[in-house]
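# Survey of secondary and tertiary structure
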Amino acid sequence: MISKDDVTGVILAGGRGSRMGGADKGLQNFRGMPMAMFTLLRLAPQVGDMMINANRNLAAYESFGVPVWPDVLADYAGPLAGFLTGLEHCETGYLVTVPCDTPLFPQDLVQRLAEALVRDDADIAMAAAREADPGSESGAGSQVRAQPVFSLLKRELMESLVRFTQGGGRKIDAWTAEHRTVLVEFEDAAAFSNANTVAELHRLEQQR
Ligand SMILES: Nc1nc2c(ncn2[C@@H]2O[C@H](COP(=O)(O)OP(=O)(O)OP(=O)(O)O)[C@@H](O)[C@H]2O)c(=O)[nH]1
Ligand SMILES: [Mg+2]
């Protein structure tokens, strides 16, 4: 069993937000507070420690009350840079990654990932959900889609990720494929809806 006290959460808020006109997505208002703060409050009961990974407006993120770390890789290298930053500052046995733009993520995320990691003796547990095929009303043809930015990792993977990124690797699934990874399917695919545009953000605010 993995105790929640042995899990650190990193909120990935280091993106460019280009589909939102270059906005710092984590600071956009979601139900009355910055979206990264909403995410932080949802993650807090699931983990023992937390940090935020951001590359802009660091003082605003610092006001949330947890450590803020910019990417250790230059030039917006993508979410894997956030994984690396999280691992480098993680003081517990496990790190869980959560993006700042998916505020309604499952409240049993960490527990379910942790159970699967132990059960399958894996190094990485990655969330997934079944998405309906838009062309099919019956749901037939739906497929399970991984949600790689929601991953639970052993801290000891840091050296592997340093090597992978130093070699120019940037794709999460190309790196996780090098390790024993278990996919954990969540029933509610809508919980992984993310706000990439202003319209999606407004739609998500209405979602139950
Ligand atoms: N640390 C870090 N996180 C990133 C980077 N790029 C994306 N992310 C994070 O990865 C998650 C998914 O990002 P996307 O929604 O695909 O990308 P984005 O950069 O936020 O937005 P777009 O520019 O519109 O693609 C979000 O939590 C982002 O904050 C990066 O260069 N560094
Ligand atoms: Mg996104």
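These figures come from a predicted structure and were not determined experimentally. (Residues numbered from 1 in each chain as written. Chains lettered and ligands numbered in written order. Predicted model: local features only at pLDDT ≥ 70, side-chain atom pairs only at ≥ 80, totals over all residues.)

### Structural notes on the overall build of the protein chain
If you tally the helices and strands in the protein chain, you get seven helices and nine strands. For the protein chain, whose C-alpha radius of gyration is 16 Å, the value lies close to the compact-globule estimate of 17 Å for 208 residues. Based on the C-alpha atoms only, the size of the protein chain along its principal axes is roughly 45 × 40 × 35 Å. Burial status across the protein chain gives 40% buried among its 208 residues. (Helix = DSSP H or I, 4+ residues; strand = E, 2+ residues; numbered from the N terminus. Rg over C-alpha atoms; globule rule 2.2 N^0.38 Å. Buried ≥ 20, exposed ≤ 12 C-beta atoms within 10 Å, placed from the backbone.)

### Quick look at the site of ligand 1
Taken together, 22 residues lie near ligand 1, and Gly 14, Gly 15, Arg 19, Gly 82 and Pro 99 sit nearest. Mapped by element, the contributors of at least two residues to the shell around ligand 1 are β1 (7-13) and α3 (79-88). Per-element tally for the shell around ligand 1: the top contributor is α3, with three residues. Here the shell around ligand 1 is composed, by residue class, of nine nonpolar, eight polar and five charged. (Near = placed C-beta within 6 Å. Nonpolar A, V, L, I, M, F, W, Y, C, P; charged D, E, K, R; others polar.)

### Points about the nonpolar core
Counting 56 residues, the largest nonpolar core has Ile 11, Ala 36, Ile 52, Val 96, Leu 113 and Leu 152 as its most contacted members. Apart from the residues lying within four places of it in its own chain, the contact partners of Ile 52 are Ile 11, Ala 13, Ala 36, Tyr 61, Phe 64, Val 66 and Val 68. (Core = buried A, V, L, I, M, F, W, Y, C linked by C-beta atoms within 7 Å. Contact = placed C-beta atoms within 7 Å.)

### Quick word on the UniProt feature "binding site: Mg(2+)" (unreviewed entry) in the protein chain
Within this numbering scheme, the UniProt entry marks Asp 101 as carrying the feature "binding site: Mg(2+)" (unreviewed entry). With respect to the helices and strands, the residue Asp 101 is situated in the loop between β6 (94-99) and α4 (109-119). (UniProt positions renumbered as here; feature names shortened; annotations may be inferred.)

### Comments concerning the UniProt feature "binding site: GTP" (unreviewed entry) in the protein chain
Under the UniProt annotation, "binding site: GTP" (unreviewed entry) lies at Leu 12, Ala 13, Gly 14, Lys 25, Asn 53, Asp 71 and Asp 101. Inspection of the secondary structure assignment puts Ala 13 in strand β1. Ignoring any residue separated from it by four or fewer positions in sequence, one finds Ala 13 in contact with Gly 26, Ala 36, Ile 52, Asn 53, Ala 54, Tyr 61 and Cys 100. In this fold, Asn 53 is placed in strand β4 (residues 49-54).

### Topic: the environment of Gly 93
Structurally, Gly 93 is set in the loop between α3 and β6. Here Gly 93 falls in the partly exposed class, since 14 other C-beta atoms lie within 10 Å of it. For the pair formed by Gly 93 and Asp 6, sequence separation is 87 residues and the distance between their alpha carbons is 5.5 Å. Not counting residues within four places of it along the chain, the set of residues in contact with Gly 93 comprises Asp 6, Lys 154 and Arg 155.

### Some details on unusual backbone geometry
In terms of backbone geometry, most residues other than glycine have negative phi values and most peptide bonds are trans. Here Arg 31, not a glycine, exhibits a phi torsion of approximately 50°, which is positive. When you line up the elements, Arg 31 lands in the loop between β2 (29-30) and β3 (33-34). Taking the C-beta count within 10 Å as the criterion, Arg 31 has 10 such neighbours and is therefore assigned exposed. The phi torsion at Tyr 76 lies on the positive side, around 45°, for a residue other than glycine. Position of Tyr 76 among the secondary structure elements: in the loop between β5 (68-69) and α3.

### Description of the sheet that holds β1
Here seven strands make up an open sheet; going across it, the order is β5-β4-β1-β6-β8-β7-β9 and the pairing mixed. Only two strands of the sheet have a single neighbouring strand rather than two, namely β5 and β9 (181-186). Sheet analysis places β1 next to β6, joined by six bridges and oriented parallel. Note that in β6 the partner of Val 10 across the bridge is Thr 97. Sitting on the sheet, helix α1 (residues 35-43) is in contact with β1, β4 and β6, with an inclination near 165° to β1. (Pairing = 2+ DSSP bridges. Axes fitted to C-alpha atoms, helices over the stretch in contact; angles between N-to-C directions.)

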